[in-house]
Amino acid sequence: MLLFLPILLQAYDPEIEAVMNRSRKEKQEERAAAAAAAASPAATAPARADGKIPVPAKFAAPFQACLDQAIESPDAGIAFAQKWRIDGGSFYARHCMGFAYARAERWTPAIVAFEQAAEEAERSGEMVEAARLWAQAGNAAMASGDLPKARGDFDAALARGLPDGLEKGEVHLDRARALVALNEPDAARDSLDIALVQAPKDPLAWLLSATLARRSGEMSLAQAHIARAVQLSPDDASVALEEGNIAVLTDHADIARAAWVRAMRLAPDAPPGKAAADNLSRLPVAQPAR
């Protein structure tokens, strides 16, 4: 093992930025797209081809209107959702309210709205919808920094019986992120292993798994899983950064150098690129063969 490595890897903790702080805007846009699809005219069908339960026709149009308002102006979305809730919008109104609060990054009321929506969905017998809402509450709690609450909400989501597939995998991945931040690596590994089976095309799952394996000294596993992350997301600076971290710890300084250069090129002003530049500056210059 190279002697400079302990100094090199104590200088930063990039996976906290690259993995734990998954883009809030990206998450919100994903949720908006999913909710909007569910609120489409196809909502009159009993279920969509992807297995998601659509919004009943009674609620579809106002739900879509509420989401549109929240995207344009969170305050307008909150006002719309509050009035709609009074007018009988059921848990869909609270769902939109949570989404609007999240758009405004008002995490505490977002958590409350999502949790109340989940509880109301359960009372209505909509257990899969309740599970999704508990998961959204967990992500709002993660964004607020309340990791124990996030773990509890993710546990609640999984306890409501999400069907196998991408959604369940994403909840296990989010739960693993919370558990890593809570310094519970064994429990995080359990959820990650499920996430890799349920959501095998999500590069973040492979990235977090590789990072966790590196931290626990399982370098063969780390190498295999970062290779899969690179295959799925070759232009992700966070993935390139971690590829370099693992390569340098397995005595592949040439691969580490190439990976860190790629991370710098992809995100020169972002934390992964800056961390890669810092690592690269500490990497000894290769000596020509004699």
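Please refer to the structure higher up on the page.
Quick caveat, the model's predicted, so the values are computed rather than measured.

Colleague: Would you mind going over the state of the cysteines with me for this structure?
Modeller: A complete count under the given rule lists one disulfide for this structure. Disulfide pairing places C66 opposite C96 at an S-S distance of 2.1 Å. On the sign convention where negative means left-handed, the S-S torsion of about -100° between C66 and C96 marks this disulfide as left-handed. Here C96 lies in helix α6 (residues 90-103) and C66 lies in helix α4 (residues 57-72), a separation of 30 residues in the sequence.

Colleague: What am I meant to see in helix α9 (residues 147-159) here?
Modeller: Note that an α-helix has 3.6 residues per turn; residues three or four places apart therefore point the same way. The first and last C-alpha atoms of α9 sit 18 Å apart over 13 residues, in line with the 18 Å expected at 1.5 Å per residue. For α9, the complete set of buried residues consists of L147, A150, D153, F154, A156 and A157. Capping the start of α9 is the job of one residue whose side-chain oxygen sits 3.2 Å from the backbone nitrogen of K149: D146. Following α9 by one or two positions, G161 has its phi on the positive side, about 85°.

Colleague: I keep staring at α4 and nothing clicks. Help me out?
Modeller: With 16 residues, α4 should cover 22 Å at 1.5 Å per step; its first-to-last C-alpha distance of 23 Å lies within 8% of that length. Considered for burial, the residues of α4 that qualify are F59, A60, F63, C66, L67 and A70.

Colleague: Teacher, can you tell me more about the environment of E129 here?
Modeller: With respect to the helices and strands, the residue E129 is situated in helix α8 (residues 127-144). In the structure, E129 is positioned 37 residues away from Y92 in sequence and 9.7 Å away in space, judged by C-alpha atoms. Of the polar contacts made by the side chain of E129, one reaches the side chain of R132; its length is 2.3 Å.

Colleague: Please clarify how the packing of α4 against α6 should be interpreted in this entry.
Modeller: When two helices pack together, their arrangement is given by the angle between the helix axes and the distance between those axes. Contact pair α4 / α6: the axes reach a minimum separation of 9 Å and the direction vectors enclose 10°. Accordingly, the angle class assigned to the pair α4 and α6 is roughly parallel. Between α4, through F59, F63, C66, L67, A70 and I71, and α6, the contact on the second element is made entirely by S90, Y92, H95, C96, F99, A100 and R103. In the contact of α4 with α6, the residues fall into ten nonpolar, two polar and one charged.

Colleague: It is not clear to me how the pattern of salt bridges should be interpreted in this structure. Could you clarify?
Modeller: Side chains that differ in sign of charge can pair as their charged atoms come close. Under the counting rule described, the total for this entry stands at 14 salt bridges. Measuring nitrogen to oxygen at the nearest pair gives 2.9 Å for the salt bridge that ties E122 to R160. With E122 in helix α7 (residues 107-123) and R160 in the loop between α9 and α10 (166-181), the pair connects residues that are 38 residues apart, well separated along the chain. Residue E122 is classed as partly exposed on the basis of its relative accessible area, which comes to 23%. When its relative accessible area of 25% is taken as the criterion, R160 is described as partly exposed. Overlapping salt bridges bring together E129, R132 and E167 as one network.

Colleague: Looking at this structure, how should I read the nonpolar core?
Modeller: Side chains of a nonpolar character, in soluble globular proteins, are inclined to be buried together. Residues F63, W84, Y92 and L133 are the most contacted members of the largest nonpolar core, which totals 46 residues. The set of elements that each furnish at least two residues to this core consists of α4, α5 (74-86), α6, α7, α8, α9 and α10. With eleven residues, the top contributor of residues to this core is α8. Membership of the second largest hydrophobic core comes to 36 residues, among which are L208, M219, A256 and A275.

Colleague: Sorry if this is basic, but what is going on with the environment of W84 here?
Modeller: The topology assignment puts W84 in helix α5. Between the alpha carbons of W84 and P62 there is a distance of 8.0 Å; along the sequence they are 22 residues apart.

Colleague: Sorry, what's going on with the packing of aromatic side chains here?
Modeller: How two aromatic rings sit relative to each other is set out by the distance from centre to centre and by the angle between their planes. Applying the stated criterion to the full structure yields six aromatic pairs. In textbook terms, an aromatic cluster arises when at least three aromatic residues are bridged by ring pairs, as seen for F59, F63, F80, W84, F91 and Y92.

Colleague: Is there a simple way to think about unusual backbone geometry in this case?
Modeller: A negative phi angle is the norm for most residues apart from glycine, just as the trans form is the norm for most peptide bonds. Of note, S90 is a non-glycine position whose phi angle comes to about 55°, a positive value. Within the secondary structure, S90 sits in helix α6. When its relative accessible area of 17% is taken as the criterion, S90 is described as buried. Residue E105 is not a glycine yet carries a positive backbone phi of 55°. Mapped onto the elements of the fold, E105 is located in the loop between α6 and α7. The exposure class assigned to E105 is partly exposed, which follows from its relative accessible area of 46%.

What counts, and at which threshold
- Within each chain, residue numbers correspond to sequence positions counted from 1 in written order.
- Since the coordinates come from a predicted model, pLDDT governs what is reported: local features require at least 70, and pairs of side-chain atoms require 80 or more to be given and counted, while whole-chain, interface and lining totals use all residues.
- Hydrogens and water molecules were not included; the side-chain quantities draw on all heavy atoms of the structure.
- The criterion for a disulfide is a pair of cysteine sulfur atoms lying within 2.5 Å.
- A helix here means a DSSP run of H or I that spans at least four residues, while a strand means a run of E at least two residues long, and both kinds are numbered starting from the N terminus.
- One less than the residue count of a helix, multiplied by 1.5 Å, gives the span that helix is expected to have.
- Burial status follows relative accessibility: with a 1.4 Å probe on protein chains alone, a residue under 20% of its type maximum counts as buried, one over 50% as exposed, and anything between as partly exposed.
- Here a polar contact is recorded for every N or O atom pair within 3.5 Å, except that within protein the pair must consist of a potential hydrogen donor and a potential acceptor, and residues adjacent in sequence are included only if both atoms are side-chain atoms.
- Axes, fitted as lines to C-alpha atoms, cover a helix only where it is in contact. Angles between the N-to-C directions of the axes lie from 0 to 180 degrees.
- Any angle that is under 35 degrees is reported as roughly parallel, and any over 145 degrees as roughly antiparallel; angles of 65 to 115 degrees are reported as roughly perpendicular and all others as oblique.
- We call two residues contacting when some pair of their heavy atoms lies within 4.5 Å.
- Each residue is assigned to one class: nonpolar for Ala, Val, Leu, Ile, Met, Phe, Trp, Tyr, Cys and Pro, charged for Asp, Glu, Lys and Arg, and polar for all the others, Gly among them.
- One side-chain nitrogen of Lys or Arg within 4 Å of one carboxyl oxygen of Asp or Glu is enough to make a salt bridge.
- As used in this record, nonpolar core signifies buried Ala, Val, Leu, Ile, Met, Phe, Trp, Tyr and Cys residues forming a set joined through side-chain atoms within 4.5 Å.
- What counts as a ring pair is set by centres within 6.5 Å for rings of Phe, Tyr and Trp (its six-membered ring), and what kind of pair is set by the plane angle: stacked under 30 degrees, edge-to-face over 60, tilted for all other angles.

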